[in-house]
Amino acid sequence: MDKKIDGATLSLVRGDITVEETDAIVNAANSRLAGGGGVDGAIHRAGGPSIMDECRKIGGCPTGEAVITTAGDLKARRVIHTVGPVYRDGRHREPELLASAYNASLELALKNNLKSVSFPSISTGAYGYPVEEASEIALNTVIGFLRSNKGITLVRFVLFSDRDYGVYKSTLERLLP
Ligand code: ADP
């Protein structure tokens with residue numbers, strides 16, 4: 001499913017982010033940049049050890065911020081690692097920190113002249129963010145960014161399950177009828 005936001009495309013697909021050919025793919029990392037399970041493990045496995053070498057040099061990334069590395073053997077040019085919040089009850093700045101993770105990733109893409117960016121559904125796996133709530137924050141933040149910044153032409157959400165894809169699709173239809 002695609003929507004036009006000013007000159008840019010916002011796209012939802014079901015799939016595996018490690019095979020995306022956008023300029024950048026975003027990793028849902030942890031604050032030590034230590035690798036792990038979920039999408040983080042999949043990106044490091046598919047991209048090879050050069051990504052972790054750079055992560056070690058960078059050392060870490062606070063929640064809500066983002067850092068950039070090589071993409072190693074992946075088709076994307078760079079990997080942007082961002083750290084979403086661990087969901088507790090929604091009253092510990094989770095919405096703000098989740099929005100910040102998306103904004104920081106897009107700002108870093110812009111600064112590095114990367115025009116197309118793929119995101120996974122940050123924080124909705126091991127970090128426990130309810131996907132209905134997270135999808136609204138994710139999509140609203142990206143829409144807001146594309147409306148107020150020129151330079152990024154494609155943002156794609158790569159949803160790993162049919163259920164997540166369905167939730168993102170119905171949220172986007174509600175936000176942009
Ligand atoms: P977090 O710790 O931020 O919750 P996870 O990696 O546990 O990160 O989960 C985030 C989302 O990424 C989940 O919806 C999970 O299903 C999804 N995911 C896992 N592997 C992939 C992949 N290869 N491509 C895209 N999304 C993936």
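Note that the structure is predicted; figures quoted are calculated from it, not measured.

About the thresholds
Residues numbered from 1 in each chain as written. Predicted model: local features only at pLDDT ≥ 70, side-chain atom pairs only at ≥ 80, totals over all residues. Heavy atoms only, no water. Near = heavy atom within 4 Å. Polar contact = N/O pair within 3.5 Å; in protein donor to acceptor, adjacent residues only side chain to side chain. Areas by Shrake-Rupley, 256 points an atom, 1.4 Å probe, with all protein chains shown as cover. 1 Å grid on protein atoms, 1.4 Å probe; cavity = no way out; pocket = protein on both sides within 12 Å on 5 of 7 lines; lining within 4 Å. Sits in = over half its atoms within 2 Å of the grid points. Helix = DSSP H or I, 4+ residues; strand = E, 2+ residues; numbered from the N terminus. Nonpolar A, V, L, I, M, F, W, Y, C, P; charged D, E, K, R; others polar. Salt bridge = Lys/Arg side-chain N within 4 Å of Asp/Glu carboxyl O. Buried < 20%, exposed > 50% of the residue type's maximum accessible area, 1.4 Å probe, protein only. Pairing = 2+ DSSP bridges. Expected span 1.5 Å × (residues − 1). Arc of directions from axis to C-beta. Contact = heavy atoms within 4.5 Å.

### Points about the site of the ligand
1) Next: Contacts to the ligand come from 16 residues, most closely from Asp16, Val39, Ser123, Gly125 and Ala126.
2) Next: Contacts to the ligand include serine 123, whose backbone N or O atom sits 2.9 Å from an oxygen atom.
3) Next: Measuring from an oxygen atom of the ligand, one finds a backbone N or O atom of alanine 126 at 2.8 Å.
4) Next: Protein chains shield 88% of the accessible area of the ligand, which is 560 Å² for the free molecule.
5) Next: Among the detected pockets, the ligand sits in the largest pocket.
6) Next: With three residues, the top contributor of residues to the shell around the ligand is helix α1 (residues 38-47).
7) Next: Here the shell around the ligand is built from residues that sort into eight nonpolar, six polar and two charged.

### What about the pattern of salt bridges?
1) Next: Overall, the coordinates contain ten salt bridges when judged by the stated rule.
2) Next: With a shortest N-O distance of 3.4 Å, arginine 56 and aspartate 53 are connected by a salt bridge. Taken as a pair, arginine 56 and aspartate 53 lie in helix α2 (residues 49-58) at a separation of three residues, close to a single helical turn.
3) Next: Since its relative accessible area comes to 59%, arginine 56 is described here as exposed.
4) Next: Given the relative accessible area of 38%, aspartate 53 is considered partly exposed.

### Some thoughts on the pairing of strand β1 (residues 2-5)
1) Next: As paired elements, β1 and strand β2 (residues 8-14) share four bridges and run antiparallel to each other. Note on β2: the bridge partner recorded for aspartate 2 is serine 11.
2) Next: Taken together, β1 and the strand that follows it, β2, pair antiparallel across an intervening segment of two residues, in which aspartate 6 is found at a positive phi of about 50 degrees.

### Some words on the environment of glycine 47
1) Next: Within the secondary structure, glycine 47 sits in helix α1.
2) Next: Along the primary structure glycine 47 and alanine 29 are separated by 18 residues, whereas in three dimensions their C-alpha atoms are 14 Å apart.

### Re helix α5 (residues 162-175)
1) Next: Between the first and last C-alpha of α5 there are 20 Å, a value that for 14 residues agrees with the 20 Å anticipated at 1.5 Å per step.
2) Next: Among the residues of α5, Asp164, Tyr165, Val167, Tyr168, Thr171 and Leu172 are the ones counted as buried. Take α5 and look down its axis: the buried residues cluster within an arc of 165 degrees, on one side only. Turned more than 90 degrees off the buried face of α5, the exposed positions are Asp162 and Arg163.
3) Next: Where α5 is buried, its residues touch β1, β2, α3 (94-111), α4 (131-148) and β7 (154-159).

Keep in mind that these numbers describe shape and distance, not what the molecule does.
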